[in-house]
Amino acid sequence: MDREKAAKRLAQLTEEINRHDWLYHVKDQPEISDAQYDQLMRELRELEEQYPELVAPDSPSLRVGGRVLEGFATVSHPTPMLSLDNAFDAESLLQFDKRLERLLGQRPTYVVELKIDGLAVALEYSDGIFSRGATRGDGTTGEDITENLRTIRSLPLRLSSSETIRVRGEAFMSRDAFEKLNAAREQQGQPLFANPRNAAAGSLRQLDTAVAASRQLDILVYALEDAGDHGMTCHWQALEWLEQLGFLVSPHRHRFDDMEKVIEHIESWQQKRLELPYATDGMVIKVDSLDLQQKAGYTSKSPRWAVAWKFPAEQKQSKVIDITLNVGRTGAITPTAELEPVQLAGTVVSRASLHNEDYIKEKDIRIGDLVIVQKAGDIIPEIVAAVKDVRTGDERIWQPPSQCPVCGSQTVRVEGEAVRRCPNPRCPAQVRERVIHFASRGAMDIEGLGPAVVDALFRAELIRDVADLYKLQVEDLIPLERIGEKSAANLVSAIADTKKQPLARLLFGLGIRFVGAKAARLLAEEFGSLNTLLQASHEQLVAVPEIGDTIASSVVRELASPEMQDLINRLEEAGVNTTQPKKQTGGALEGKTFVLTGTLDTFTRDEAKALIEEQGGKVTGSVSAKTDYVVAGENPGSKLDKARDLGVTVLDEQELVSLLRS
Ligand code: IVH
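Let me sum up the structure you'll find in this document. Owing to the predicted nature of the structure, the values given are computational and were not obtained by experimental measurement.

Around the ligand there are 13 residues in total, and Leu84, Glu113, Glu170, Tyr222 and Lys286 lie nearest to it. Leu84 places a polar main-chain atom, nitrogen or oxygen, 3.1 Å from an oxygen atom of the ligand. With respect to the ligand, the backbone of Leu114 contributes an N or O atom lying 3.2 Å from a nitrogen atom. Look at the ligand: alone it shows 520 Å² of surface, and the protein chains cover 85% of it. When atoms are counted within 2 Å of each cavity's grid points, the one that captures over half of the ligand is the second largest pocket. For the shell around the ligand, the element with the most residues is strand β3 (residues 110–116), which contributes four residues. Classifying every residue of the shell around the ligand gives eight nonpolar, one polar and four charged.

What follows is the structure, given as structure tokens:
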């Protein structure tokens, strides 16, 4: 196809696919099959590959992600992103209403909306094209997450008319998508997200835009900034306009003339909200008229014309059938209440963590007790209290275990700590958790080695600890239940691949107490090899920035133990790498951050980057107040303007060369 024809066809395809995205993700009324959609998308991508210069700023191919960002630029919000005052009962809503009536000299009409529990975002459109999106941040400055927001299918890339507007909304993940994501993470041994809000926030702060694209997020828009400048007279009208422009606006919005009706309406949602596919933590009540909004004004934190009503957590009664114990990787013994199953906030609850023995004592929770259960943040079940006045006398007071429930060792509770521990490092429960941790994403990242496979390996006595993983042969695995020949081979090769992992991952994987991923990286970068680290004294360890007494003592103590020494020897014998390049220190550019823009004469960007990094400097993708230097070549982009705005030092190529030489 010639260029002219391609340009025409691409424009058509872009419009058509965007319309189908809107029909599917906003209107919930798809008109074509997935296969037909995929066909259109394939055609678009092929043409775009042929003519990359013809990719439109609203091309749906931009939704797929794939760019890896180096960081997020900061964005200052033209109008601050405020929060809302909270009301927890009807009484405070009536007071809010009275105060407004006094302030305004009339009774306002209210719009009531659901309060979606996600991440507040600010979106900008210029001439109808999505141009920038940011997080709330501290309300005044947020982070530029444009690339990640673009991957959200319910976000229009082009509006139905060429408006230049700023809108606000909530990016969120449905409960369903959240549960699927966590199930997949659990299988891969990755840490779970506590709730859909954290999952949404974590997804949008990913530097790899392909990850955000895979996360099934949505955006509901709830406010038009400076609505008056766009001819609006009330909020309701603004919401309708936003819907026409192509945004997803919640259909659950209502208008009321008096607060009593508002309260009735809100109460009707207390149960109904649990049937929604996404989490809501309350409702928002807003004065409809923009004139009256302006008259009511703002405090430094929130508008005086709006209030958030928080749903009380749903509570149910259940019975504690038993208190069971779980032994973690570091020997921590956690009690869990086994409950008679109850339906609560959308799921069946049959267990609740009791955290530690002090918690049980303080709440006086006994086996056989009737208890009140609620879901914190509507997700994690917790016991609020025991219903003491219905006790029959048959309830049993729970005693902290004097012996480990798995290996029988005498348990210990260190003064000042809330947890009781099994002190036996060879305790099968601890060993199991250590292997799971060793294989997890942040540590050695062994694909296919989740909890179920680890259990099977122990049962078949194929491993005693992590060093044995490297001895596994394909033939050993095939007899195991549910492991086929192919996955056996994959697992063996995945394990072998991790022999090359850098020291930081190995060190984190060893599961030394208090040594998280970050401390492991700092130590690995400082000492460069496990051998050097083994010889390091407490003084040498605390001399590393950010390594304190607790971490240092733990490292010295645990690395010196005969068990650890033996484990390390066997890992080394198996050929596991125990080194990593030391961090370049003392480089002339140590701690300095650079941004490159435009074309350089004497080196490519990659070469310039390598030279800067060689001397300890860091190169990032976007300019912020923290940038030390912007290096501007031929045809610099907007980064140069930004640098000037922020007063960041700008270097030309010659100046960069002199800096590198000095
Ligand atoms: S209006 C000037 N409406 O709740 C304040 N906020 O504390 C404008 N939220 O983080 C906020 N749903 O992101 C408004 N329908 C809704 C909302 C909503 C969720 C979030 C918002 C903010 C928090 C307010």
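Of the pockets and cavities examined, the second largest pocket occupies roughly 1,300 Å³. Looking at the second largest pocket, it is lined by 47 residues, and the ones nearest its centre are Arg168, Tyr222, Ala223, Glu225 and Trp305. Of all the secondary structure elements, the ones that give two or more residues to the lining of the second largest pocket are β3, β7 (165–173), β8 (217–224), α8 (235–245), β10 (280–287), α10 (290–296) and β11 (306–310). The greatest single-element share of the lining of the second largest pocket, amounting to five residues, is contributed by β8.

Along helix α17 (residues 517–527), the positions that sit buried rather than exposed are Ala519, Ala520, Leu522, Leu523, Ala524, Glu525 and Phe527. The inward-facing, buried residues of α17 contact α16 (503–509), α18 (530–535), α19 (538–542) and α20 (549–560). Directly after α17, the chain includes Gly528, whose backbone phi takes a positive value near 80°.

Another aspect to go through is the state of the cysteines. Under the definition given, this model contains zero disulfides. Cys404 takes part in no disulfide bond, and the closest cysteine sulfur to it belongs to Cys422, at a distance of 3.7 Å. Of the residues examined, Cys404 reaches a relative accessible area of 4% and is grouped as buried. Cys407 provides the cysteine sulfur closest to Cys422, a residue in no disulfide bond, and the two sulfurs are 3.6 Å apart.

Turning next to the pattern of salt bridges. In this structure the tally under the stated criterion is 37 salt bridges. With a closest N to O distance of 3.3 Å, Asp21 and Arg63 form a salt bridge. Here Asp21 is found in helix α1 (residues 3–25), whereas its partner Arg63 is found in the loop between α2 (34–50) and β1 (74–76), with 42 residues between them in sequence. The burial state of Asp21 is the same as that of Arg63; both residues are buried. Between Lys471 and Asp468 there is a salt bridge, and its shortest N-O distance comes to 3.5 Å. By relative accessible area, Lys471 is classed as exposed at 53%. Residues participating in the shared-partner salt-bridge network are Arg464, Asp465, Asp468, Lys471, Asp566 and Arg570.

A word on the nonpolar core. Grouped together as the largest cluster of nonpolar side chains are 55 residues, with contacts concentrated most on Phe438, Ile446, Leu449, Leu457, Leu469, Leu477 and Leu571. Broken down by secondary-structure element, the contributors of at least two residues to this core are α12 (428–439), α13 (451–459), α15 (485–497), α16, α17, α18, α20 and α21 (562–573). Broken down by element, this core gets its largest block of residues, six residues, from α17. Every residue in contact with Leu477, bar those within four places of it in the chain, is listed here: Leu457, Leu462, Leu472, Ile483, Ala488, Leu491 and Val492. With 38 residues, the next largest nonpolar core counts Leu119, Ala171, Phe178 and Phe193 among its residues.

Pairing is mixed in the open sheet, where five strands are placed in the order β2-β11-β10-β3-β9. Where the open sheet ends on each side, the last strands, each with one partner, are β2 (86–87) and β9 (253–256). Where β3 and β10 come together, seven bridges link them in antiparallel fashion. Residue pairing in the sheet places Ile116 in a bridge with Thr280 of β10. Sheet strands in contact with α8 are β3, β9 and β10, and its direction is about 160° off that of β9.

Looking at the secondary structure, you find Arg132 in strand β5 (residues 129–135). Residue class for Arg132 comes out partly exposed when judged on its relative accessible area of 27%. Along the chain, Arg132 and Ile145 lie 13 residues apart, while their C-alpha atoms are 7.7 Å from each other. Leaving out residues up to four positions away in the same chain, Arg132 has contacts with Val75, Ser76, Ala122, Leu123, Glu124, Asp144 and Thr146.

Moving on to the packing of α1 against α2. The geometry of α1 relative to α2 is characterised by a closest axis approach of 10 Å and an angle of 145° between their N-to-C directions. Like other packed secondary-structure pairs, α1 and α2 cross with a definite hand, here left-handed. Of the residues in α2, those touching α1 at Ala6, Arg9, Leu10, Leu13, Thr14, Glu16, Ile17, His20 and Asp21 are Tyr37, Leu40, Met41, Glu43, Leu44, Leu47 and Glu48. Across the contact of α1 with α2, the residue classes tally to nine nonpolar, two polar and five charged.

For the rest of this paragraph, the subject is the packing of aromatic side chains. Scanning all chains against the criterion turns up eight aromatic pairs. With a centroid separation of 5.5 Å and an interplanar angle of 50°, the aromatic rings of Tyr125 and Phe130 are classed as tilted. As far as burial versus exposure is concerned, Tyr125 and Phe130 are alike and both buried. Taken together, the aromatic side chains of Tyr125, Phe130 and Phe247 make up a single cluster linked through ring pairs. The ring centre of Trp269 lies 4.5 Å from the NZ or CZ of Lys272, which sits over that ring.

Here the focus is empty space enclosed by the protein. Considering all chains together, one arrives at two cavities of 30 Å³ or more under this definition. Roughly 50 Å³ of internal volume is contained in the largest cavity. Lining the largest cavity, in full, are Leu325, Ile333, Pro335, Asn356, Glu357, Trp398, Pro401, Ala418, Val419 and Arg420. Grouping the constituent residues of the lining of the largest cavity by class yields seven nonpolar, one polar and two charged. The calculated volume of the second largest cavity comes to roughly 40 Å³.

Calculation criteria
Residues numbered from 1 in each chain as written. Predicted model: local features only at pLDDT ≥ 70, side-chain atom pairs only at ≥ 80, totals over all residues. Heavy atoms only, no water. Near = heavy atom within 4 Å. Polar contact = N/O pair within 3.5 Å; in protein donor to acceptor, adjacent residues only side chain to side chain. Areas by Shrake-Rupley, 256 points an atom, 1.4 Å probe, with all protein chains shown as cover. 1 Å grid on protein atoms, 1.4 Å probe; cavity = no way out; pocket = protein on both sides within 12 Å on 5 of 7 lines; lining within 4 Å. Sits in = over half its atoms within 2 Å of the grid points. Helix = DSSP H or I, 4+ residues; strand = E, 2+ residues; numbered from the N terminus. Nonpolar A, V, L, I, M, F, W, Y, C, P; charged D, E, K, R; others polar. Points joined across faces, edges and corners; volume = space filled by probe spheres on them. Buried < 20%, exposed > 50% of the residue type's maximum accessible area, 1.4 Å probe, protein only. Contact = heavy atoms within 4.5 Å. Disulfide = S-S within 2.5 Å. Salt bridge = Lys/Arg side-chain N within 4 Å of Asp/Glu carboxyl O. Core = buried A, V, L, I, M, F, W, Y, C linked by side-chain atoms within 4.5 Å. Pairing = 2+ DSSP bridges. Axes fitted to C-alpha atoms, helices over the stretch in contact; angles between N-to-C directions. Left-handed = near helix turned anticlockwise from the far one by under 90°. Phe/Tyr/Trp six-rings, centres within 6.5 Å; stacked < 30°, edge-to-face > 60°. Lys NZ or Arg CZ within 6 Å of the ring centre and 35° of its normal.

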